[in-house]
Amino acid sequence: MKQQAAEIKRLSDRLDALNRKEKEIITKGLDTDLSEIDAEKVTLQAEIERLRQEKSQVLSAKAQKIQKMPFSRPITKAEQADMGALKKKVKGLEVVHPMTALGREMGLKEVTGYARGKF
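None of these values were measured; they are calculated from a predicted model.

Visitor: Before we go on, may I ask you to explain the pairing of strand β1 (residues 71-74) in this structure?
Guide: Regular strands place side chains that alternate from one sheet face to the opposite one. By the alternation rule, side chains of β1 split into F71 and R73, which are all buried, and S72 and P74, of which none is buried. Both β1 and strand β3 (residues 112-115) contribute to a ladder of 4 bridges, which runs antiparallel. Opposite F71, over in β3, you have A115 as the bridge partner.

Visitor: Teacher, can you tell me more about the confidence of the model for the protein chain here?
Guide: When pLDDT drops low, the exact placement of atoms in the prediction is not to be read closely. Per-residue confidence for the protein chain gives a mean pLDDT of 88, with 97% of residues at or over 70. Per-residue pLDDT, averaged within each element of the protein chain, yields its smallest value for helix α1 (residues 2-28) (85) and its largest for β3 (95).

Visitor: In this structure, what is going on with the domain arrangement of the protein chain? I would like to understand it.
Guide: Buried accessible area, meaning the area lost when the parts come together, often serves as the stated size of an interface. According to the domain assignment, the protein chain consists of domain 1 (1-68) and domain 2 (69-118). Here the C-alpha centre of domain 2 lies 34 Å away from the C-alpha centre of domain 1. Taken together, the contact pairs 9 residues of domain 1 with 9 residues of domain 2. The three residues of domain 1 that bury the most area against domain 2 are L59, I66 and Q67, which together make up 63% of that side's buried surface. Taken together, domain 1 and domain 2 are joined by 3 residue pairs in polar contact (both at pLDDT 80 or more). Partitioning the side of domain 1 that touches domain 2 into residue classes produces 3 nonpolar, 3 polar and 3 charged.

Thresholds, definitions, all that
- Residues numbered from 1 in each chain as written.
- Predicted model: local features only at pLDDT ≥ 70, side-chain atom pairs only at ≥ 80, totals over all residues.
- Heavy atoms only, no water.
- Buried < 20%, exposed > 50% of the residue type's maximum accessible area, 1.4 Å probe, protein only.
- Helix = DSSP H or I, 4+ residues; strand = E, 2+ residues; numbered from the N terminus.
- Pairing = 2+ DSSP bridges.
- pLDDT = per-residue confidence, 0-100.
- Domains from an automatic or database assignment.
- Contact = heavy atoms within 4.5 Å.
- Buried area = accessible area lost by both parts, 1.4 Å probe.
- Polar contact = N/O pair within 3.5 Å; in protein donor to acceptor, adjacent residues only side chain to side chain.
- Nonpolar A, V, L, I, M, F, W, Y, C, P; charged D, E, K, R; others polar.

Set out below in structure tokens:
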């Protein structure tokens, strides 16, 4: 997943550079390189979109797996402070924070724990 994010960033940076280059060419009145730049921009945008779709599918699969767990509840501040003890007590505990990509996708409003049994 980190590789996908890095690749998306690299391609986005390249797309931004092409946009800046295109503006320079237009202001100077040169139209020779414009068609090449437009073609490259289209391929970069398509690749960025493909990578984003792939990344969201990976997140969706993980979100579905976590939501299938039979028990979930919000994690209290005291439990958050001693997360190590909580994870030792509850085997297989998955904690999802609402500010992570996974938490935003799942629509969480608070830190939530998912487990196979009650905790």
